[in-house]
Amino acid sequence: MKDYLLDDKKGASKYIREAREDGKGNLSIEFGDGSVFRNIEACPENIQKIVEVQEAQAKNGIKNMSSYINREKSSKVRTILSGLGSVAGSTLLSVIASSCLQQPMNPLIVTAGIGAITILGTIPAYCRLRKDHAKVEELSKLRYRNEHLSELRSYAKYPNALAGIRPRLSSWMKKQEDPFSILSIDEFSEEDLRKIVSNMDVEEAYQFHYQEESKGKAK
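From a predicted model like this one, the values you see are computed outputs, not experimental measurements.

1. Describing the overall build of the protein chain
Part 1: For the protein chain, the count of helices and strands is 6 helices and 3 strands.
Part 2: The order of α-helices and β-strands along the protein chain, N terminus first, is β-β-β-α-α-α-α-α-α.
Part 3: Taken across its 219 residues, the protein chain has 36% of its residues classed as buried.
Part 4: Sequence separation of at least 24 residues holds for 64% of the intrachain contacts in the protein chain that already meet a minimum separation of 6.
Part 5: Counting only carbon and sulfur atoms, one obtains 55% of the accessible surface of the protein chain, whose full area is about 13800 Å².

Listed below in structure tokens is the structure:
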């Protein structure tokens, strides 16, 4: 789960970003400040605590989604301005260098220099843009999941609910007790969720009859 603290520092030490099982019955929990708690028993009580906390964090993020959308828009503008500023600055440096050397510079060297400075100057803004975009993307997925959670959790009643879903994801989902748990949010995309809901809607519309062995098994 991404960090949905509007104030990046306040509350970070208690913000649960991820919980991982080690295969030996233990959990490692990573918090927003980067600290990791290990050897936590993967018992139902602990897992339920983590689920409740992350569900609350998700709801809070969705509530403030407009703020993250605005941040993404601002990052796009900064990235564009950063690129333009780097081009102007690198061009000016090339002109100054040429003047100091009192000889024209090789056009290829000038072009390469401008390109390198532009890329380096744009990287910080672009990294911020990617981070902000990832948050908006995940919040959109969380919102769609929350709105359709009861439908998604009944997917096994629809034999073709997983039609068109990646084979690996489909296989993984069939093995999970609750594949749409907040703890598994990184396993699927919003597109995957929309496809599953769409498949279920089609089945509801047509009310196809299936062979007995297919009933109750999503394929």
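2. Re the packing of aromatic side chains
Part 1: Within this structure, the stated rule accounts for 5 aromatic pairs.
Part 2: The interplanar angle of 65° and the centroid separation of 4.9 Å between the aromatic rings of Phe31 and Phe37 together place this pair among those described as edge-to-face.
Part 3: Judged by its relative accessible area of 47%, Phe37 falls in the partly exposed class.
Part 4: Arranged with centres 5.9 Å apart and planes meeting at 85°, the rings of Tyr155 and Phe180 form a pair that is edge-to-face. A residue pair is termed long-range when its members are at least 10 positions apart, and Tyr155 in the loop between helix H4 (149-152) and helix H5 (167-175) and Phe180 in the loop between H5 and helix H6 (190-206) qualify at 25 residues.
Part 5: For Tyr155, a relative accessible area of 9% translates into the label buried.

3. Some remarks on the nonpolar core
Part 1: Of all hydrophobic cores here, the largest spans 30 residues; its most connected members are Tyr4, Leu142, Tyr155, Met173, Phe180 and Ile196.
Part 2: For this core, the elements supplying multiple residues, two or more each, are helix H1 (44-63), helix H2 (65-101), helix H3 (107-147), H4, H5 and H6.
Part 3: By size, the runner-up hydrophobic cluster in this structure holds 5 residues, among which are Ile16, Leu27, Ile29 and Ile50.

4. Here we look at the pairing of strand E1 (residues 16-21)
In summary, the side chains of a regular strand alternate between the two faces of the sheet.
Part 1: Pairing geometry for E1 and strand E2 (residues 26-31), over 5 bridges, is antiparallel. In the strand pairing of E2, Ala19 is matched with Ile29.
Part 2: The turn joining E1 and E2, which pair antiparallel and follow one another in sequence, is formed by 4 residues; a positive phi near 85° is taken by Gly23.

5. Quick notes on the sheet that holds strand E3 (residues 36-41)
Part 1: Strand order in the open sheet made by the 3 strands is E1-E2-E3, with antiparallel pairing throughout. The sheet terminates laterally at E1 and E3, the two strands that pair on one side only. On average, each strand axis in the sheet is tilted by 25° relative to the strand beside it, whichever way the strands run.
Part 2: Contacts from H1 reach E1, E2 and E3 within the one sheet, and its direction differs from that of E1 by about 150°.

6. Some words on a nonpolar patch on the surface
Part 1: A cluster of nonpolar side chains, contributed by Val202, Tyr206 and Phe208, occupies part of the molecular surface with about 340 Å² of accessible area.
Part 2: For Tyr206, the position within the fold is in helix H6.
Part 3: Among the residues examined, Tyr206 registers a relative accessible area of 56% and is labelled exposed.

7. Description of the environment of Ser74
Part 1: Here Ser74 shows up in helix H2.
Part 2: Residues Ser74 and Arg128, spaced 54 residues apart in sequence, show a C-alpha to C-alpha distance of 9.9 Å.

8. Quick look at the layout of surface pockets
Part 1: Taken as a whole, the largest pocket encloses approximately 380 Å³ of empty space.
Part 2: Along the walls of the largest pocket sit 15 residues, with Gln176, Asp178, Ser181, Leu183 and Ser184 positioned nearest its centre.
Part 3: Tallying contributions element by element places H1 first for the lining of the largest pocket, with 4 residues.
Part 4: Put simply, the second largest pocket is a space of about 310 Å³.
Part 5: Lining the second largest pocket are 16 residues, and of these Glu18, Ala19, Arg20, Leu183 and Ser184 sit closest to its centre.
Part 6: Those elements giving two or more residues to the lining of the second largest pocket turn out to be E1 and H1.
Part 7: No other element matches the 5 residues that E1 contributes to the lining of the second largest pocket.
Part 8: A per-class count over the lining of the second largest pocket returns 8 nonpolar, 2 polar and 6 charged.

Conventions used here
- Residues numbered from 1 in each chain as written.
- Predicted model: local features only at pLDDT ≥ 70, side-chain atom pairs only at ≥ 80, totals over all residues.
- Heavy atoms only, no water.
- Helix = DSSP H or I, 4+ residues; strand = E, 2+ residues; numbered from the N terminus.
- Buried < 20%, exposed > 50% of the residue type's maximum accessible area, 1.4 Å probe, protein only.
- Contact = heavy atoms within 4.5 Å.
- Areas by Shrake-Rupley, 256 points an atom, 1.4 Å probe, with all protein chains shown as cover.
- Phe/Tyr/Trp six-rings, centres within 6.5 Å; stacked < 30°, edge-to-face > 60°.
- Core = buried A, V, L, I, M, F, W, Y, C linked by side-chain atoms within 4.5 Å.
- Pairing = 2+ DSSP bridges.
- Axes fitted to C-alpha atoms, helices over the stretch in contact; angles between N-to-C directions.
- Patch = residues over 30% accessible without salt bridge, like charges linked within 9 Å, V, L, I, M, F, W, Y side chains within 5 Å.
- Salt bridge = Lys/Arg side-chain N within 4 Å of Asp/Glu carboxyl O.
- 1 Å grid on protein atoms, 1.4 Å probe; cavity = no way out; pocket = protein on both sides within 12 Å on 5 of 7 lines; lining within 4 Å.
- Points joined across faces, edges and corners; volume = space filled by probe spheres on them.
- Nonpolar A, V, L, I, M, F, W, Y, C, P; charged D, E, K, R; others polar.

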